[in-house]
Amino acid sequence: MFTTKSLLLTAASFLTLTSAAPQAIKSTGVVHRIFAGSTVENGGLHFEPQNVVASIGDAIEFHFLPKNHTVVQSSFDKPCEPLADGSGVFSGFNFRTDAGEAPNVFRFTVKNNEPFWYYCSQTNGDHCQKGMSGVINQNFNGDKTLARYKEKAKTAVTKQPSADPLKFQGGEIVPNKPL
Ligand SMILES: [Cu+2]
């Protein structure tokens, strides 16, 4: 038969188990390098690779080529605009380079399997409208494709995630180490 004390203890241990803080995401050690401004296609207004499949715990590392690109998370429905609730990932204009790769990279860890849409917010040359966008973990069974995102981006207006052009969020700026 349960005493009051044993019931309380049982309840306390149950609460301890269920109210544990969310676990930190364990790194897989996998790094996906995406090059912003790759000249492989589209006169450099391009991310390469632009359609990446990544697992939770993988690192995404953006390397920046000339001239002055950014990465800003958006929704599928509103290309060239940051997430409306202010929660999105963005790099800031911290990676200007005139030749070769910028000395730093922008890096973050994949936290879920939701599609992650992003664009370059450089308005000098209309990068987003001209196709400088990409996706991580597109749902390949749905109709929300990168091709459709780019089509909608052609007539979208680019918005910045912050009034401070150097502000970044949701990732870290770390030295670009050669492989
Ligand atoms: Cu750009």
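Residues numbered from 1 in each chain as written. Predicted model: local features only at pLDDT ≥ 70, side-chain atom pairs only at ≥ 80, totals over all residues. Heavy atoms only, no water.

As annotated in an unreviewed UniProt entry, the chain is Cupredoxin from Periconia macrospinosa.

### Considerations on the coordination of the copper ion
All of the protein donors around the copper ion are His 69 (ND1), Cys 120 (SG), His 127 (ND1) and Met 132 (SD); their distances to the metal are 2.0 to 2.5 Å. Each of the four donor atoms around the copper ion contributes to a set of angles spanning 94 to 127 degrees, which defines the coordination as tetrahedral. Expressed as a motif, the donor residue spacing for the copper ion is H-x50-C-x6-H-x4-M. Take His 127: its relative accessible area is 8%, and that puts it in the buried class. (Donors = N, O, S within 2.8 Å, 3.2 Å for Na, K, Ca; no water. Tetrahedral: all angles 85-135°; square planar, octahedral: opposite > 155°, others 65-115°. Buried < 20%, exposed > 50% of the residue type's maximum accessible area, 1.4 Å probe, protein only.)

### Describing the environment of Asp 143
Along the chain, the position of Asp 143 falls in the loop between β8 (133-136) and α2 (146-153). Overall, Asp 143 belongs to the exposed group, its relative accessible area being 53%. Apart from residues no more than four positions distant in its own chain, Asp 143 is found in contact with Phe 76 and Arg 148. (Helix = DSSP H or I, 4+ residues; strand = E, 2+ residues; numbered from the N terminus. Contact = heavy atoms within 4.5 Å.)

### Details of the sheet that holds strand β1 (residues 31-36)
Strands sit in the order β2-β1-β4-β6-β9 across an open sheet of five strands; the sheet is mixed. In the strand order of this sheet, the two ends are held by β2 (47-48) and β9 (172-175), each with one partner. (Pairing = 2+ DSSP bridges.)

### A word on the pattern of salt bridges
With the rule as written, the count across this model stands at seven salt bridges. The partner of Glu 81 in a salt bridge is Lys 159, and the shortest N-O contact between them spans 3.8 Å. In this pair, Glu 81 sits in the loop between β5 (72-74) and β6 (104-109) while Lys 159 sits in the loop between α2 and β9, placing the two residues 78 residues apart along the sequence. Given the relative accessible area of 43%, Lys 159 is considered partly exposed. The shortest N-O distance in the salt bridge between Asp 143 and Arg 148 comes to 3.7 Å. What you see here is one network of salt bridges that share partners, running through Arg 33, Glu 61 and Arg 107. (Salt bridge = Lys/Arg side-chain N within 4 Å of Asp/Glu carboxyl O.)

### Here's the deal with the sheet that holds strand β7 (residues 116-119)
If you walk across this open sheet you meet the four strands as β3-β8-β7-β5, and the pairing is mixed. The open sheet is flanked by β3 (51-52) and β5, the only strands paired with a single partner. Taken together, the two bridges between β3 and β8 define a ladder with parallel strand orientation. Counted as the bridge partner of Asn 51 is Val 135 from β8.

### A short note on the confidence of the model for the chain
Summary statistics for the chain give a mean pLDDT of 90 and a share of 86% for residues scoring 70 or more. Note on residues 6-19: pLDDT under 50 across the span, and one contact to partners over four residues away in sequence or across chains. (pLDDT = per-residue confidence, 0-100.)

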